[in-house]
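Given next are the chains, with one letter for each unit.
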Amino acid sequence: MAREFNMLKEIREQALIIKDIINKRVDFKTGCAVFDEFDHGKIRILKNVQRIIFLGCGTSYHAALYGNYVFEELTGLNCECELADEFTKREAVIESGTAVVLISQSGETGDALKAARLAREKEAFIIGLTNEINSSLSKYADICIYTEAGEEIAVAATKTFTSQVMLLGLLAVYFDSLNRKPPVLSQPAVFELKGLSEKIAAVLGSEEEIKIIADKYASEKGFVILGENYNYPIALEGALKFKETAYVHAEGLAAGEFLHGPLAIVDTDFPVIFLAPIDPAYEDNVKIMKEIKRAGGKILAVTTAGNHKLDDLADDVVRVPSALDIFVPILSIIPLQFLAYGIAVGKGLEIDKPRNLSKYVN
Ligand code: M6R
């Protein structure tokens, strides 16, 4: 029997962890998102927030980008996202009414803490999102929200990433509710959240199917991973999993951007992984897939269950259950985690402790 690493165990834990987060953070009777961390004083501050900056490094940066997108859509607030280290290396403007959401699984990443210090100096309201209760980030932040994903042993973040994404989605719902009466989740969102962990379990059920695909792609020298909108951070995160777990070069790109130069890299059999759920970007994505096929490339599409329209266009298709656009990333990242893991297993790598890396960089 093949050795199973912690990374695989942690990927498999995701359905349960997300279920626990939803059960703790959603009041299904009222439709409210619940964040008891914010008392009356803090709620008053939140109500005056005009601008939110999302910061993180590595995987946490990808979650931050998701946070930027979901907050913009649900709250209409002015949002932006930046790599924590870049934020500290330029004269970032922070005016009053700015909140900084700092994301760090470990809560100890040096660049993230430097960013927290800078944000504090500039009097931003800091919301920390971390998995570590006694971390330095929890001390710097005005309010800390814990992902409660349990200890993550593998260097490659998996379950802490999906927990970050889930909590950012719920926090956006919470922020939005602060200025509305009664503060409720939309009915489709409530309905969706009730069944989300079963949907994750369904994707986890495709582990064997994805392992076969991973074996097929195991000797590729490089990959491009494409996604649009909420799947763009997932393309970036998937590419990072491929690099750090399987030591294979992978580049995550916004699908539309692929036509502005990177398409030239495609020649016979060049593998492109395309995150193409049925969503408003789908038809544009199909056009891009046709360009990739015209250039001779090979496509592994990740699309919505029931969609068989890509069967002739893509070389391989993985399907994930349909979900509201804002929750699709929690599903679409899982095939990429499995693929990275499967390719690494095929290479006989020491998956939990990739060469040259440690769990966090301080
Ligand atoms: O602990 P942090 O979330 O602050 O760590 C940031 C990055 O170092 C981390 O996400 C790194 O990219 C992981 N190895 C990703 O799997």
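The rules behind the values
- Residues numbered from 1 in each chain as written.
- Predicted model: local features only at pLDDT ≥ 70, side-chain atom pairs only at ≥ 80, totals over all residues.
- Heavy atoms only, no water.
- Helix = DSSP H or I, 4+ residues; strand = E, 2+ residues; numbered from the N terminus.
- Rg over C-alpha atoms; globule rule 2.2 N^0.38 Å.
- Buried < 20%, exposed > 50% of the residue type's maximum accessible area, 1.4 Å probe, protein only.
- Arc of directions from axis to C-beta.
- Pairing = 2+ DSSP bridges.
- Axes fitted to C-alpha atoms, helices over the stretch in contact; angles between N-to-C directions.
- Contact = heavy atoms within 4.5 Å.
- Polar contact = N/O pair within 3.5 Å; in protein donor to acceptor, adjacent residues only side chain to side chain.
- Domains from an automatic or database assignment.
- Buried area = accessible area lost by both parts, 1.4 Å probe.
- Salt bridge = Lys/Arg side-chain N within 4 Å of Asp/Glu carboxyl O.

Visitor: I would appreciate a short explanation of the overall build of the chain in the present structure.
Guide: Within the chain, the regular secondary structure consists of 13 helices and 12 strands. On C-alpha atoms alone, the chain measures out to a radius of gyration of 20 Å, which is about the 21 Å that the 2.2 N^0.38 rule sets for 362 residues. Reported as C-alpha extents along the three principal axes, the dimensions of the chain are approximately 60 × 45 × 45 Å. The 362 residues of the chain split such that 58% are buried.

Visitor: Would you explain helix H10 (residues 207–217) in this entry?
Guide: What sets the pattern is the α-helix's 3.6 residues per turn: residues three or four places apart point alike. For H10, the full list of buried residues reads Glu-207, Ile-210, Ile-213, Ala-214 and Tyr-217. Within H10, the buried residues cover an arc of 120 degrees as seen down the axis, which keeps them to one side. Those residues of H10 that are exposed and angled more than 90 degrees off the buried face are Glu-208 and Ile-212.

Visitor: How should I be thinking about the sheet that holds strand E8 (residues 222–227) in this particular structure?
Guide: Strand pairing within a sheet occurs via backbone hydrogen bonds; the two strands may be parallel or antiparallel. Strand order in this open sheet of five strands is E9-E8-E10-E11-E12, and the pairing throughout is parallel. Both outer strands of the open sheet, strand E9 (249–254) and strand E12 (316–320), are each paired with one neighbouring strand and no more. Along the sheet, successive strands turn relative to each other by an average axial angle of 20 degrees, direction set aside. Bridge analysis of strand E10 (residues 271–275) against strand E11 (residues 298–304) gives five bridges, and the strand direction is parallel. Residue pairing across strands places Ile-273 opposite Leu-300, the latter belonging to E11. Along the sheet, H10 makes contact with E8, E10, E11 and E12, crossing E12 at roughly 150 degrees. Running over the sheet, helix H11 (residues 232–246) touches E8, E9 and E10 and is turned about 175 degrees from E9.

Visitor: For this particular structure, what's the right way to read the side chain of Ser-138?
Guide: Relative to the elements of secondary structure, Ser-138 occurs in helix H7 (residues 136–140). In this structure the side chain of Ser-138 is engaged in a polar contact, spanning 3.0 Å, whose partner is the backbone oxygen of Ile-133. Excluding its chain neighbours within four sequence positions, the residues that come into contact with Ser-138 are Glu-132, Ile-133, Cys-144 and Tyr-146.

Visitor: So what exactly am I meant to see when it comes to the domain arrangement of the chain here?
Guide: The accessible area lost on association of the parts is a frequent measure of interface size. According to the domain assignment, the chain consists of domain 1 (6–194) and domain 2 (200–346). Placing a centre on the C-alpha atoms of domain 1 and another on those of domain 2 gives a separation of 26 Å. Taken together, both faces of the contact between domain 1 and domain 2 bury some 2500 Å²; the carbon and sulfur share is 74%. Of all residues in domain 1, the largest losses of buried area upon contact with domain 2 belong to His-62, Tyr-69 and Glu-192, amounting jointly to 21% of the total for that side. Run the count over domain 1 and domain 2 and you get one salt bridge. There are 10 residue pairs in polar contact (both at pLDDT 80 or more) connecting domain 1 and domain 2. Mapped onto the side of domain 1 that touches domain 2, the elements with two or more residues apiece are helix H1 (6–12), helix H2 (14–25), helix H4 (58–75), helix H8 (159–177) and helix H9 (187–204).

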